[in-house]
Structures are given as structure tokens and as C-alpha cells.
Amino acid sequence: MALSWRSWLANEGSKHLFLLFWLSLNVWLFWKTFLLYYQGLQYYYLYQMLGLGLCVSRASASVLNLNCCLVLLPMCRVILAFLRGSQKVASKKTRRLLDKSKTFHVTCGVTICIFSVLHVAAHLVNALNFSENYNEEFLALNAANYRGEDPRKLLFATVPGLTGVIMVLVLFLMCTASTFAIRVSNYDIFWYTHNLFFVFYMLLMLHVSGGVLKYQTNLEEHPPGCFNPNKTLRQNLTVPKAFEELFPDYATEPFPEDFPVPEPFVQNHFMRICSEEPKFQSHFPETWFWISGPLCLYCVERLYRYIRSNKPVTITSVISHPSNVLEVRMMKDDFEARPGQYVILHCPRVSALESHPFTLTMCPTDTKATFGVHVKIVGDWTERFRDLLLLHSNQDTEILPIFQQRRYPKLYVDGPFGSPFEEALNYEVSLCVAGGIGVTPFASVLNTLLDGWKCYKLRRLYFIWVCRDIESFRWFADLLCMLHNKLWQENRPDYINIQLYLSQTDGIQKIIGEKYQALNSRLLIGRPQWKLLFDDIAKCNRRKTIGVFCCGPNKISKILHKLSNSSNSYGTRFEYNKESFS
């Protein structure tokens, strides 16, 4: 399977270019800060005391500042949705780059963890050097109170040390709880620990306010490493022989500033004369400059989202579908959404703090204000949510959907937010591949086409849906049949190509019901032959750009991603978009 550089650049070019820019920025910032503390005259005495631990700790801190600033931006969902939907970002490649925001968030998070380890290791060395290399000549430079002081006091009895220890513990909890195994087994742990980020940022602001590391402010009056005659006389120390003849009898008086210095002595012994003692001052915390803007932006957005979602929605109906799927239809004043977007549901009776994202399967239109989601019952939150909405939790075993008319609990909706599937209608040809409940983002696209397809750029849609059991197809069987019949009536049967794959079965099965005959003829047993499928689509759409959209297991996603970057003999280019779930 040969790689097509044209397709690779279309799918990966902008992502890798941005990643290269971000990586270069990190490397440049690390090296620039390292050299500043290694060669900077203002840090001469501090470097003499701490050594390379100073350079590494400050360089890693610069990288941490950058990534603590950037890690919040991908989580500003309202801003990303605005940029995508307002057409402020005209380039499709740039809009597709916005879809990588979650990946960039994870990348910044991993970078923070790695450089935090480096930062902590360097400061452990610094704490030891502060104790062992106690400077009795320049007391203001010391963090320890005396030579040989226990370094653990610097770690646990100072504001920078104590906040640093707590931050490491918080970061450890957030990092370990973000792993795939924890997110799958217990999403609640991930959700609650991840919200400790606010504690982390508050501690970070306190951490940088300690002023432990100091720089010299009077470099002109006291060049680092210079000779101070006044200090030598005051301390009654031995002076260089060249100066003995030049000192007046009243040497106990301050050394005259205009006193002549033998030039040959200075040149031969590489010694400079200084007129006063070095003065040291703590840095103004630079971290505030880095994180205050993104943190305020994120807090303002969260406040806006809270105000926007403060009014509960009206639940119009709840439908129990086969295979543990619940459909919830709602209404909300002034709610607008585009096909492919998602919302975040919050039900206080299920959990006071916890909320979860769900893709819209039905969007409001000019003729109807109803919108809906399909919820797969796979965890504690969804189980409690189902029990509150349905009178009896075992009703999902019924073949036909059951409508419940009752008083529903309060439900709050935050959103909508953008996703890659908004682009499905912006290609002339789109290939939509769904695995199981991953069909939900495409359901909103199908519902939109049912209302009218002529106003969109899309002229051909390939819809592939892979499920393990036959009953799962009933979630959207009616929708698929209605769209199929509508297109036949409008003499456009080739507009949509539906292929349903039943991956696990003991024999030939059909979707029950005479009205599903159109779908039964498109039901195939087994898994798709993806390579043959791509070749067939490329052959039928020569020299066109096809949008590939995938929502399903990672195994399918990786196959489609690889095929999208592969070459074909028809000049067809596949642009890959995906959303994975776990």
C-alpha cells in the first residue's frame, strides 16, 4: 500500500507543521533560558552556588510556563465553536486543525508532566547546594539559614517548597487518572481529579511568589568577580602586594572612588575593581504573565457557559431502544445547533457536579425546535440517568420503542460545541463510517438531509455502519428508510449509498418489519473490505476530494487513516476526519 504524499500533506501536513512550530518554541525557550542562567552576569554568584541545577530548573520552568499557558486554550470550547461556525477561519485545513484541540491538550499535559519531573529533580539538587554551599560573604543570596541546614526544611518549611510538593501530588493524581484504563473503568475518577486543575493553578501562583532565586542588580558598580578594596580593608584581610604601596595611611577610611589603579596589574592579573558590594533582588514572578490571560479567558468562558446553561430544558419524550440505548428529545428557547455538534448534559439528581458530552442526533430547524441525543448505557452515570427517566429500567429489552409520559427530572444542556463532523456537508462527496453507537454524529447529518439536501455542497454520501447485533440497526432504521424513500421520490437514488455490516452473527438475519425491506437488501454479513471499498469509491469519483469521517473503535479508525494517506490510480484524494470514543 503505497503512501501518497499529496494525501499525506492534506491529512497530516498542517498538524505536523504546527507540532514542529510548538516543539521548536519549547526547545528555543529551554535553551535560551538555560544560557541566560549559565552565562548571565546577573546570575554569576547564584550560579557559583547552585551550578547546573540552577540552569536546568529555570529552563524547565520556562517550558512549564509555556505549556501551562497553552494547555487551557484547547478547552475553551465556545471560542473554538465560534471560530469554526462563524467562518472566521475560511481555510478548511485550518478548521480541521481546530479539531485536533483535544490531542494538543493531551500533548501539552504530557509535556507538563515530563518537565515537572525535570524541574523537581533540579530543585532537589538546588536545595542540597543551598545547604552545602552556604555563602557567608553574600548573605542575601542564601535560601538556607546556615551552612549544613537540612535541605528538607527548604522543601517543607518554605512557601515555594511546600506548594511545589502539593503541586506534584495534584499533578500525579491528574496524570494517573487520565490514563485510558481509568477513564474506561471509572470515568468519575478522571472527571473529579481533572477538576483539580484549578487547585494546581492557584498553587502555581503561590509557588512563584517565594522569591528564593535572586539576581544581582548593580552590575556596573560591582562587576561579578571583581576586587573590592574597601571590603578588604574593613575585614583586615591580606591584599595583593601591588596595592600595598598605593594604600594611604588612613586605609581604614573608605577607599577613594577616584583612586588610581595600576593598569599593568589589572591587565596581568585579570582583576577588576568595584566600588560597592553586590545587591541582590528577587525576580518578579513571570508565571503570572504566562497563565493569567488564558486562565482568565477560560474562567470567563466557564462563567458564560454556566449562565447560558442555567435554565433547564424541557424533555418532550424519552425512547428506550434495543441494546441499552436511550433517546432523549428536548426543547430549549433560542437553542441553535449545526449537524455534527455535541452538547454536555448535567442532571443534578444524578450527580451534583458531574456532566457528560453527547453528540446531537437531531438538531432544531426552522420548522421544529426539538433536538435530541442517544445515550448508550455503559456506566454508573448513564444507569442512574436511565432509571430517573424511565419508570422501569428493564424496558430497554422491548423490541419496539416505548414512550414514557411522566414528570422528568431537571436536565441542563451546555453547548452546542464543534466537532469534525460539521464538515461532512461541506464536501461534494463524503464517506461516513460508524461503529456501533458511533453512528450518533451521522444521525444529525441524515436528519438534516431529510429536511432538505439541495442547499448543501454535498452531492453524494457513502454511509457505512458496522454493528455487532441486528437490533442496533433499529436505532436509526426509520430515519434511513425515510431518507431512502425521499431520495427515490426526488429521482436521486444515487445521492446516498447505504451499507450495513453485521460483524457477529450465527446466520442470515434481517431487520424485522416490512418497511425495512430497503435496508435488508443493504445488510451484509461480516466486516467491510476497506481496501476494496476505497478503490471502488475512488474509481467512481475520479480526481475529486472526498471527506472521510469516522466515529468508532480505534481499530477501524487506524485502518481508514492509513487508507486515506494511500495512493490510488484515479487521482482521488481522501481527507481524513475522525472522532474516537472509549
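Along each chain, the written sequence defines residue order, and numbers are assigned to residues from 1. Local features in a predicted model are, by the rule used here, given only for residues with pLDDT of at least 70; side-chain atom pairs are given and counted only at 80 or more, and totals for whole chains, interfaces and linings are based on all residues. Processing note: side-chain calculations cover all non-hydrogen atoms of the structure and skip hydrogens and water entirely.

Visitor: What is the right way to read the side chain of threonine 287 from this model?
Guide: The secondary structure listing takes helices from DSSP runs of H or I that are at least 4 residues long and strands from runs of E that are at least 2 residues long, numbered from the N terminus. With respect to the element layout, threonine 287 can be found in helix 15 (residues 287–308). Excluding residues that lie within four positions of it along the chain, threonine 287 makes contacts with Asn65, Leu204 and Val208. Pairs of residues are marked as contacts when any of their non-hydrogen atoms sit within 4.5 Å.

Visitor: Is there a simple way to think about the UniProt feature "transmembrane region" (unreviewed entry) in the protein in this case?
Guide: As recorded in UniProt, the sites labelled "transmembrane region" (unreviewed entry) are residues 20–39, 59–83, 104–125, 154–177 and 189–208. Between the C-alpha atoms that bound residues 189–208 the distance is 29 Å, and the span itself is 85% helix and 0% strand. UniProt positions are given in the numbering used here, feature names are shortened, and annotations may be inferred rather than shown by experiment.

Visitor: It is not clear to me how the environment of histidine 484 should be interpreted in this structure. Could you clarify?
Guide: The residue histidine 484 is located in helix 18 (residues 477–489) in this model. On the basis of relative accessible area, histidine 484 is assigned to the buried category, the value being 12%. Along the sequence, histidine 484 and alanine 518 sit 34 residues apart, while their C-alpha atoms lie 7.9 Å from each other. Setting aside residues up to four positions removed in sequence, histidine 484 forms contacts with Ala518 and Arg522. Burial classes: relative accessible area under 20% of the type maximum marks a residue as buried, over 50% as exposed, and values in between as partly exposed (1.4 Å probe, protein chains only).

Visitor: How should I be thinking about the nonpolar core in this particular structure?
Guide: The nonpolar side chains of soluble globular proteins are, as a tendency, buried together. Residues grouped as a nonpolar core are buried Ala, Val, Leu, Ile, Met, Phe, Trp, Tyr and Cys residues, joined through side-chain atoms within 4.5 Å. Counting 41 residues, the largest nonpolar core has Leu449, Phe463, Trp465 and Leu500 as the members making the most contacts within it. Within the residue set of this core, elements represented by two or more residues are strand 10 (429–435), helix 17 (440–451), strand 11 (460–467), helix 18, strand 12 (496–502) and strand 14 (545–552). Contact partners of phenylalanine 463, with chain neighbours within four places excluded, come to Cys432, Val439, Phe442, Leu446, Leu480, Asn497, Ile498, Gln499 and Leu500.

Visitor: What is the right way to look at the packing of helix 1 (residues 5–39) against helix 3 (residues 52–70) in this model?
Guide: Packed helix pairs are characterised by how far apart their axes lie and by the angle those axes make with each other. Relative orientation of the contacting elements helix 1 and helix 3 amounts to 145°, with a least axis distance of 8 Å. When you trace helix 1 past helix 3, the crossing you get is right-handed. Of the residues in helix 3, those touching helix 1 at Trp22, Leu25, Asn26, Leu29, Phe30, Thr33, Phe34, Tyr37 and Tyr38 are Leu52, Leu54, Cys55, Val56, Arg58, Ala59, Ser60, Ser62, Val63, Leu66, Asn67 and Leu70. Charged residues are taken to be Asp, Glu, Lys and Arg, nonpolar residues to be Ala, Val, Leu, Ile, Met, Phe, Trp, Tyr, Cys and Pro, and polar residues to be all remaining types, Gly included. Broken down by class, the residue content of the contact of helix 1 with helix 3 amounts to 15 nonpolar, five polar and one charged. Fitted lines through C-alpha atoms give the axes, limited to the stretch in contact for helices. The angle between two N-to-C directions lies from 0 to 180 degrees. The handedness criterion is simple: a crossing whose near helix is rotated anticlockwise from the far helix by less than a right angle is left-handed, and one whose near helix is rotated clockwise is right-handed.

Visitor: For this particular structure, what's the right way to read helix 20 (residues 530–540)?
Guide: Because the α-helix completes a turn every 3.6 residues, residues three or four places apart line up on one side. What helix 20 keeps buried is the set Trp530, Leu533, Phe534, Ile537 and Ala538. Looking straight down helix 20, one finds that the buried residues subtend no more than 130° of arc, so they occupy a single side. Starting at the helix axis, one direction is taken to each C-beta atom, and the arc is that of these directions.

Visitor: What is the right way to look at a nonpolar patch on the surface in this model?
Guide: Residues with no salt bridge and a relative accessible area higher than 30% make up the patches, which join like charges within 9 Å and nonpolar side chains (Val, Leu, Ile, Met, Phe, Trp, Tyr) within 5 Å. Throughout, the Shrake-Rupley method with a 1.4 Å probe supplies accessible areas, and for residues the shown protein chains are the sole cover considered. A pair is scored as a salt bridge if a Lys or Arg side-chain nitrogen falls within 4 Å of a carboxyl oxygen belonging to Asp or Glu. A grouping of Leu73, Ile79 and Leu297 is seen on the molecular surface, where their side chains present a nonpolar patch of about 200 Å² in accessible area. Here leucine 73 lies in the loop between helix 3 and helix 4 (77–85). For leucine 73, a relative accessible area of 33% translates into the label partly exposed.

Visitor: Looking at this structure, I do not really get the pairing of strand 10. What am I missing?
Guide: With seven of seven residues buried, strand 10 is to be regarded as a mostly interior element. Burial along strand 10 is two-sided: Val429, Leu431, Val433 and Gly435 and Ser430, Cys432 and Ala434, pointing in opposite directions, are all buried. Being paired, for any two strands, means DSSP has found at least two bridges between them. Relative to strand 11, strand 10 is paired through seven bridges, and the arrangement is parallel. Within the sheet, the bridge partner assigned to leucine 431 lies in strand 11 and is tyrosine 462. Think of it like this: strands point away, you trace from the first strand over the helix to the second, and a clockwise trace means the crossover is right-handed. As a crossover connection, the stretch from strand 10 through helix 17 into strand 11 is right-handed.

Visitor: I'm lost on unusual backbone geometry in this one. Help?
Guide: If a residue is not glycine, its phi is most likely negative; likewise, a peptide bond is most likely trans. The omega angle of the peptide bond from glycine 415 to proline 416 is 10°, so this bond is cis rather than trans. In this structure, proline 416 sits in strand 9 (residues 412–417). Of note, the phi angle at serine 323 is positive, near 60°, even though the residue is not glycine. You can see serine 323 is positioned in the loop between strand 3 (314–321) and strand 4 (325–331). Overall, the relative accessible area of 23% leaves serine 323 in the partly exposed class. Non-glycine residue arginine 543 carries a positive phi angle of around 55°.

Visitor: What should I look at first to understand the packing of helix 1 against helix 6 (residues 101–132) in this one?
Guide: It is at 13 Å that the axes of helix 1 and helix 6 come closest, and there the two elements cross at 20°. As far as their axial angle goes, helix 6 and helix 1 are roughly parallel. The two elements helix 1 and helix 6 meet at a crossing, and its hand is right-handed. Of helix 6, the residues touching helix 1 (which contributes Phe18, Trp22, Asn26 and Phe30) are Phe104, Thr107, Cys108, Thr111, Phe115 and Leu118. Among the residues forming the contact of helix 1 with helix 6, the class breakdown is seven nonpolar, three polar and no charged. Any angle that falls under 35 degrees is termed roughly parallel, while one over 145 is termed roughly antiparallel, one within 65 to 115 roughly perpendicular, and all others oblique.

Visitor: Looking at this structure, I do not really get the pattern of salt bridges. What am I missing?
Guide: Pairs can form between side chains of opposite charge once their charged atoms are near each other. In this structure the tally under the stated criterion is 17 salt bridges. For the salt bridge of lysine 368 with aspartate 451, the shortest nitrogen-to-oxygen distance reads 3.3 Å. Of the two residues, lysine 368 sits in the loop between strand 6 (356–362) and strand 7 (371–376) while aspartate 451 sits in helix 17, which places them 83 residues apart along the sequence. Taking relative accessible area as the criterion, aspartate 451 reaches 47% and is therefore assigned partly exposed. Its salt-bridge partner being lysine 486, residue glutamate 490 comes within 3.0 Å of it at the nearest N-O pair. Here the residues in one salt-bridge network are Glu301, Arg305, Arg308 and Asp414, joined through shared partners.

Visitor: Help me understand the packing of aromatic side chains, please; the structure alone is not making it clear to me.
Guide: Two measures describe an aromatic ring pair: the distance that separates the ring centres and the angle between the ring planes. For this analysis, a ring pair means two rings from Phe, Tyr or Trp (six-membered ring only for Trp) whose centres lie within 6.5 Å, classed as stacked if their planes differ by under 30 degrees, edge-to-face if by over 60, and tilted for the remaining angles. Taken as a whole, this structure holds 27 aromatic pairs when the rule is applied. On the numbers, 5.4 Å between centres and 90° between planes, the contact of phenylalanine 197 with tyrosine 298 is edge-to-face. Of the two residues, phenylalanine 197 sits in helix 11 (residues 197–207) while tyrosine 298 sits in helix 15, which places them 101 residues apart along the sequence. Aromatic ring contacts, followed pair by pair, group Phe421, Tyr427, Phe442, Phe463, Trp465, Phe473, Trp475, Phe476 and Phe549 into a single cluster.

Visitor: Got a minute to help me understand the pairing of strand 5 (residues 342–346) in this structure?
Guide: Each regular strand displays side chains that alternate between the two surfaces of the sheet. Most of strand 5 sits out of view: four of its five residues are buried. Relative to strand 9, strand 5 runs antiparallel, the two sharing four bridges. When the bridges of strand 9 are listed, histidine 346 appears paired with tyrosine 412. Pairing geometry for strand 5 and strand 6, over four bridges, is antiparallel. Residue pairing for strand 6: valine 343 is matched across the bridge by phenylalanine 358.

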